[in-house]
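For reference, the chains in residue letters:
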Amino acid sequence: MKGKEKFFYVCTECGYQSVRWLGRCPNCSSWNSLTAEIRKQQNPGLISIQPCMLDEIVIQKQPRMATGLAECDRVLGGGLVPGSLVLLAGEPGIGKSTLLIALMGRLATQNRKILYVSAEESLSQVKLRAERLGVSSPRFYLLATTELPAVKQALADLKPEVVVVDSIQTIFDPEIPTTPGSVTQVRENAAFFMNVAKQTGVPIFLVGHITKEGVIAGPKLLEHMVDVVLSFEGENRSQLRILRALKNRFGATTEIGVFTMEENGLREIPEASGIFLPDFHQLLPGAVIFPAQEGSRTILVEIQSLVTPTYYGVPKRAVTGLDYNRACMVLAVLEKKLHYNFGTYDVYVNVGAGLKVEETGCDLALALACVSSLKDIAGLSACVAMGELALTGELRPISQINQRLKEAGRLGFQNAIIPAGNSHDVSSTLPLQVYPVRWLKEATSLYLKGS
């Protein structure tokens, strides 16, 4: 203890606090992750804020700020909310800075004053990227610094309407006696920007790093403090990029924005329904099309499965783009209820184009893909399949069935296998043949007979 400052240790991986140094974190089991921090002890003053009745609170409706990028507006819930604090995270090199510069360029053309704080790149580097993206505006201000006092001064002098901090892990406050990127630095600096956003009504974007495990670096408190958490996903070797909301206090978290990374920057893909389908619609064993529902958007994806004999004692299960435990459950139901033997086969499961499917409605498509690959038989032509699989082998109904079927018919598919529980919801004007089934055995028989 020194003066009014308390000395303690914080885990940089999970935020666990300890009064003494430990070689291994008791919470997340990380080695050598505890760093020294100092917490200032402040004397609490007299609190003058009084509670008020719920009925007395008057809500002032503020219009959202359209960003100029329709895909971003879709994910944000219709545009930027004044005074919101948005955290954008993603893999290194995925295009976070590119997205934000393009976004700020659109807002600057709306005569809004922009302040872009670059704590990782020089002014010339940001300028080169802006020129490549075609961004140029007298309302777009750049500040290359890692010092929080310089950022405070710029906020006071410019009074911007939108602020970007790239990134929050590299901003350093000299008044906090810890190293840049430490838990205390990230927490206190994020709290400062949150107060600025709430007091001035200025939307602020914070760029966040992620760890090697794929989670946002820094204390978990950072995600709790902000209003919106956006994840920018995609493979570095692929041009496709997905903007997804992991948290949104002002809208749904089920919407996604689809972009492609091209030579001149990001390009929006408003019609993304069929972009994840193969270029040729040739019927192949082990591939089944599933209409995934991402918020209000239906995207048709290809569920792929490869079943091959194993040459080791324990068969391998490799799953990409789907939940691993869910895929193992589907294989167990196929073995128990349909008597297919996957115990001597390696099973590889993949979602085409690198998309991640989280809903359970893809169970039927996955099961049909596994059986099709096992028998090496292509199933029913021009067919989509959807339905949640129960442990009893029954197919359970899924939501928004008409929208899924309508989009599949628009893209040229002629057949659809759906749960029988959805049959009463299906419109009679759909442009494809619908086959309602109740049991997984019926679905596999129907799919394989159509080959």
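Structure first, text after, so check above.
So, a few notes on the structure that sits alongside this text. (Residues numbered from 1 in each chain as written. Predicted model: local features only at pLDDT ≥ 70, side-chain atom pairs only at ≥ 80, totals over all residues. Heavy atoms only, no water.)

Moving on, we get to the sheet that holds strand E9 (residues 228-233). The mixed open sheet is built from nine strands, whose spatial order is E6-E5-E7-E8-E4-E9-E10-E11-E12. For this open sheet the edge positions go to strand E6 (140-144) and strand E12 (265-268), each flanked by a neighbour on one side alone. Across the sheet, the mean angle from the axis of one strand to that of its neighbour is 25°, orientation sign disregarded. In this structure, strand E11 (residues 256-262) lies alongside E12, joined through four bridges in antiparallel fashion. From the neighbouring strand, threonine 260 faces E12, where its bridge partner is arginine 267. (Pairing = 2+ DSSP bridges. Helix = DSSP H or I, 4+ residues; strand = E, 2+ residues; numbered from the N terminus. Axes fitted to C-alpha atoms, helices over the stretch in contact; angles between N-to-C directions.)

End to end, helix H5 (residues 183-200) covers 26 Å across 18 residues, agreeing with the expected 26 Å (1.5 Å per residue, within 8%). Residues of H5 that are buried: Val183, Thr184, Gln185, Val186, Arg187, Asn189, Ala190, Phe192, Phe193, Val196 and Ala197. Phi turns positive, to about 75°, at glycine 201, one or two residues after H5. (Expected span 1.5 Å × (residues − 1). Buried < 20%, exposed > 50% of the residue type's maximum accessible area, 1.4 Å probe, protein only.)

Let us look at the packing of aromatic side chains. Given two aromatic rings, one states the distance between the centres and the angle between the planes to describe the pair. As enumerated under the stated definition, the model contains three aromatic pairs in all. When the centroid spacing of 6.3 Å and the interplanar angle of 75° are considered together, the rings of phenylalanine 232 and phenylalanine 259 count as edge-to-face. One end of the pair, phenylalanine 232, is in strand E9; the other, phenylalanine 259, is in strand E11, and 27 residues separate them in sequence. For phenylalanine 232, a relative accessible area of 2% gives the class buried. Positioned over the ring face of phenylalanine 192 is lysine 152, at 5.0 Å from the centre of the ring. (Phe/Tyr/Trp six-rings, centres within 6.5 Å; stacked < 30°, edge-to-face > 60°. Lys NZ or Arg CZ within 6 Å of the ring centre and 35° of its normal.)

Now for the pairing of strand E14 (residues 297-309). Every other side chain in a regular strand lies on the same face of the sheet, so the side chains alternate between the two faces. Sheet topology note: the strand E13 (residues 287-294)/E14 ladder contains eight bridges and is antiparallel. Bridge assignment links alanine 292 to a residue of E14, and that residue is isoleucine 299. Here E13 folds back onto E14, and the loop between the two strands holds two residues, one of which, glycine 295, carries a positive phi near 70°.

It is worth spelling out the nonpolar core at this point. Judged by nonpolar contacts, the single largest core of 64 residues is most densely connected at Phe290, Val301, Leu334, Leu405 and Ile417. Looking at this core element by element, the count peaks at eight residues for helix H8 (residues 363-375). Valine 301 has contacts with Phe276, Leu277, Val288, Ile289, Phe290, Ala292, Val351, Leu355 and Val357, leaving out every residue within four places of it along the chain. Core analysis: the second largest hydrophobic core is formed by 34 residues, Leu76, Leu100, Leu103 and Val135 among them. (Core = buried A, V, L, I, M, F, W, Y, C linked by side-chain atoms within 4.5 Å. Contact = heavy atoms within 4.5 Å.)

What follows concerns helix H2 (residues 96-108). Residue pairs three or four apart in sequence face the same way in an α-helix, which turns once every 3.6 residues. With 13 residues, H2 extends 18 Å from end C-alpha to end C-alpha; this agrees with the ideal 18 Å at 1.5 Å per step. For H2, every residue scored as buried is listed here: Lys96, Ser97, Thr98, Leu99, Leu100, Ile101, Ala102, Leu103, Met104, Gly105, Leu107 and Ala108.

What follows concerns unusual backbone geometry. A cis amide bond links aspartate 166 to the next residue, serine 167, at an omega of 10°. Along the chain, serine 167 falls in the loop between strand E7 (162-166) and H5. Here the phi dihedral of asparagine 32 falls at roughly 55°; this positive angle occurs in a residue that is not glycine. Tracing the chain through its elements places asparagine 32 in the loop between strand E2 (17-18) and strand E3 (34-40). Since its relative accessible area comes to 61%, asparagine 32 is described here as exposed. Non-glycine residue asparagine 111 carries a positive phi angle of around 65°. Position of asparagine 111 relative to the elements: it lies in the loop between H2 and strand E5 (114-118).

Further remarks concern the pairing of strand E8 (residues 204-208). In terms of burial, E8 is largely enclosed, as five of its five residues are buried. Here E8 shows two buried faces, one formed by Ile204, Leu206 and Gly208 and the other by Phe205 and Val207. One ladder, built from five bridges, connects strand E4 (residues 85-90) with E8; its direction is parallel. Following the sheet pairing, leucine 85 is matched in E8 by isoleucine 204. Pairing of E7 with E8, which is carried by four bridges, proceeds in the parallel orientation. Looking at E8, one finds that valine 164 is bridged to phenylalanine 205. Assessed by its sense of winding, the connection that carries the chain from E7 through H5 to E8 is right-handed. (Right-handed = clockwise from strand over helix to strand, strands pointing away.)

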